[in-house]
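Structural features, examined
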Amino acid sequence: MTQTLIVGQGMAGSVLAWELHQHGHAIRVIDDGHRTSASLAAAGMVNPVQGQRLKLAWRIEDCLPVAHQFFEQVEKEFGETFFHRTPILRLVNNEKEKDFLDQRLADERYQPFLGEYEQPGANTPLHDDFGGIRIKHAGYVSTAQLLIKLREYFEHEGILCDAEFTHNELSVDENGVRWRDLSAERIVFAEGFRILDNPWFSDFNFQPNKGEILTIQSDQPLPDIPVNRGKWIIPQGKGAAWCGSTYGRGQTDSETTEAGAADIMAKVANTMPSHEFKIVDHRAGVRCATGDHIPRAGFHPEHPRIGVFNGFGSKGNVFIPWLAQRMAEHLITGASLPEDCDFRARPPRKKRQA
Ligand SMILES: Cc1cc2nc3c(=O)[nH]c(=O)nc-3n(C[C@H](O)[C@H](O)[C@H](O)COP(=O)(O)OP(=O)(O)OC[C@H]3O[C@@H](n4cnc5c(N)ncnc54)[C@H](O)[C@@H]3O)c2cc1C
C-alpha cells in the first residue's frame, strides 16, 4: 500500500518525493502538469544573505549544506548541471545599507558568506557609488530544467499521477486516506499558494505574493556573475539576463503587467546606466509565504493523517532540501520536526474570525 500521497510537484513536493523515494518509502505524487507553479517562474537564486539589512537567511547554516548536497545528488543522477555555483555581487544602495554591511563585516557569523568590501568604482560601469561585496556559497538553480527532469523520473518510476486533485473526493478515516483509486496511510499537501483553496488549511495564515521576471537582451557586455542592487540581474549567456523580481503581496494571478516590467526596468537601468536593453520575455508566478518567513511542515493539529509542506516564500531553493530531509525522517522514523517549523506546534497564526 502507498504510504504517502503528495499533492504538488513543484520544488517542495518534488524534493520531498525524491527524499522519500530514495529511502524506499512508497509514495504517489499528484500534480496537474504544473498549472500554477511558482517553481517554474522562479529566478532560482541561492543567496544566504538577504534584503536591505543584509541579514543571514533563517537556519542558513543548517539549510545551505543540505541544499548543496541535494543539487549535487540530482546532478549526478541525471548527468546535468542544475545549480550554477557563483558568487553574487551585491551593490550597496545607500548609506543606511553601508552601515548594515559594516555591522555584518564585523560579525563572525557572517564571515564565511561575505567577501572583502569593494570600493566605489571597483565595478564600473555598474552603478556602485556605495561600493559592493561578493556573497559566497551562492548561485542560482535552473529550477524549471530540474523540475522537468524530476517529473520524467517520477513518471518512469510509476509514481506520478497527472491529475488535478479535488479536495471533495478525499476521504479520511482512522486507517488512512483515499482519493479516487489511490489509498495511502496519509496525504501531504505541497500545493504552493493554492493551499489557500485547501479546506483543511485555508484558514491558516499562508500569504500569497506574486512576482514578475523579465528576460532582457543587450548588445553590450553584461556582468558575468549575478548582480543585485534592488533587483536581480542574472546573466544567462549570449547577451541575455533574467531580471526581477516584483513583490505583489496578496496577489494570486499569474498575469504579466506593464507596471511590473516598468518597476524592474527602472532598477536595471539604474544598476547599468550605460546599457541599452530590449525585453524578450516576461513571466510571473505566485510565491506562498508565512507571516514569520519560516516554512512549515508536519500535520494538521486536528487531522493526524493530513499533512502540509509549504510556506517557502522566496527562498525555496535554500529551505526546501533541508526541510524535506526533516519531513522525510518524520514520516519514516517518527523523528520530531524542528519546533519552529512544525505545523502542529506552530501553525501560522489563524485568521481572525469575522
Ligand atoms: C517570480 C518568482 C521569483 C522567485 N525567485 C526565487 C529565487 O530566486 N530563489 C528561490 O529560492 N525561490 C524563488 N522563488 C520562490 C520559489 O519559487 C518557491 O519558494 C518554490 O518554488 C515553492 O515551491 P512549491 O512546490 O511550494 O510551490 P509551486 O512551485 O507553486 O508548486 C505547486 C505545484 O502544485 C500543483 N498543484 C497545486 N494545487 C494542485 C491540485 N489541486 N492538484 C494538482 N496539482 C496541484 C501546482 O500546479 C504546482 O505544480 C520565486 C518565486 C517567484 C514567483
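Scroll up to find the structure.
Residues numbered from 1 in each chain as written. Predicted model: local features only at pLDDT ≥ 70, side-chain atom pairs only at ≥ 80, totals over all residues. Heavy atoms only, no water.

1. Description of the site of the ligand
Note the threshold: Only heavy atoms are used to decide nearness, and a residue is near a molecule or strand if one of them lies within 4 Å of it. Polar contact is defined as a pair of N or O atoms within 3.5 Å, subject to the rule that within protein one atom must be able to donate a hydrogen and the other to accept it, and that residues adjacent in sequence are counted only when both atoms are side-chain atoms. Comment: elements are numbered from the N terminus, with helices defined as DSSP H or I runs of at least four residues and strands as E runs of at least two. When residues are sorted by character, Ala, Val, Leu, Ile, Met, Phe, Trp, Tyr, Cys and Pro go into the nonpolar class, Asp, Glu, Lys and Arg into the charged class, and all the rest, Gly among them, into the polar class. Boundaries between domains were set according to an automatic or database domain assignment.
Inspection of the region around the ligand gives 35 residues, with D31, D32, S39, M45 and F165 positioned closest. Within the backbone of M11, a nitrogen or oxygen atom sits 3.2 Å from an oxygen atom of the ligand. Listing elements by their share of the shell around the ligand, those giving two or more residues are α1 (11-22), α2 (38-41), β15 (206-217), β20 (278-290) and α7 (316-333). Top element by residues in the shell around the ligand is β20. It accounts for 3 residues. A per-class count over the shell around the ligand returns 12 nonpolar, 15 polar and 8 charged. Mapping the shell around the ligand onto the domain boundaries places at least three of its residues in each of domain 1 (2-43 + 144-204 + 292-341) and domain 2 (86-140 + 207-290).

2. Topic: helix α3 (residues 60-78)
To keep it simple, the criterion reads: Multiply 1.5 Å by the residue count of a helix minus one, and that product is the helix's expected span. A simple rule labels every residue: compare its accessible area, found with a 1.4 Å probe on the protein chains alone, to the largest value its type can have, and call it buried under 20%, exposed over 50%, or partly exposed in between.
In this model α3 runs 27 Å from its N-terminal to its C-terminal C-alpha over 19 residues, within 8% of the 27 Å that 1.5 Å per residue would give. Within α3, burial applies to I60, C63, L64, V66, A67, H68, F70, F71, V74, E75 and F78. Just past α3, the residue G79 takes up positive phi, approximately 65 degrees.

3. Topic: unusual backbone geometry
The residue after T124, namely P125, is reached through a cis peptide bond having omega 10 degrees. Tracing the backbone shows P125 in the loop between β8 (114-118) and β9 (132-135). Going from G244 to S245, the amide bond is cis rather than trans, its omega being -10 degrees. Looking at the secondary structure, you find S245 in the loop between β18 (240-244) and β19 (248-249). With phi around 50 degrees, R59 is a residue other than glycine that occupies positive phi space. Within the secondary structure, R59 sits in the loop between β5 (55-56) and α3. Here the phi dihedral of K238 falls at roughly 55 degrees; this positive angle occurs in a residue that is not glycine. In this fold, K238 is placed in the loop between β17 (232-237) and β18. Residue classification places K238 among the exposed residues on the basis of a relative accessible area of 83%.

4. Quick notes on the nonpolar core
Heads up, the condition is: Think of a nonpolar core as a cluster: buried Ala, Val, Leu, Ile, Met, Phe, Trp, Tyr and Cys residues, connected wherever their side-chain atoms sit within 4.5 Å. The criterion used for residue contact is that any of the two residues' heavy atoms lie within 4.5 Å.
Among the nonpolar cores identified, the biggest contains 70 residues, and L16, F71, V74, L146, F309 and M327 are the most heavily contacted of them. Residues from two domains meet in this core; each of domain 1 (2-43 + 144-204 + 292-341) and domain 2 (86-140 + 207-290) gives at least three. In this view, L16 contacts I6, V188, F309, A324, M327 and A328; residues no more than four positions away in its chain are not counted. Counting residues in hydrophobic clusters, the runner-up holds 24 residues, among them V177, V286, C288 and F343.

5. A closer look at the sheet that holds strand β3 (residues 45-46)
Rules: Here, a strand pair is defined by DSSP locating no fewer than two bridges between the strands. For helices, the fitted axis covers only the stretch in contact; all axes are lines through C-alpha atoms, and the angles between them, taken along N-to-C directions, range from 0 to 180 degrees.
With respect to topology, 3 strands assemble into an open sheet ordered β3-β10-β6, the strand pairing being antiparallel. Sheet topology places β3 and β6 (83-85) at the edges, where each strand pairs with a single neighbour. Across 3 bridges, the pairing between β6 and strand β10 (residues 139-141) is antiparallel. Paired with H84 across the two strands is Y140, which belongs to β10. Sheet strands touched by α3: β3, β6 and β10. Its angle to β6, the strand with the most contacts, is close to 120 degrees.

6. Re the packing of α3 against helix α5 (residues 143-156)
Where we set the bar: Note on angle classes: values under 35 degrees are labelled roughly parallel, values over 145 roughly antiparallel, values of 65 to 115 roughly perpendicular, and the remainder oblique. Working rule for handedness: look at the near helix, and if it is turned counterclockwise from the far one by less than a right angle, call the crossing left-handed; if clockwise, right-handed.
Contact pair α3 / α5: the axes reach a minimum separation of 12 Å and the direction vectors enclose 60 degrees. Comparing their axes, α5 and α3 come out oblique. Judged by the sense of rotation from one axis to the other, the crossing of α3 with α5 is left-handed. Mapping the contact onto sequence places F70, F71, V74, E77 and F78 in α3 and L146, K149, L150 and Y153 in α5. Its residues assigned to classes, the contact of α3 with α5 comprises 7 nonpolar, no polar and 2 charged.

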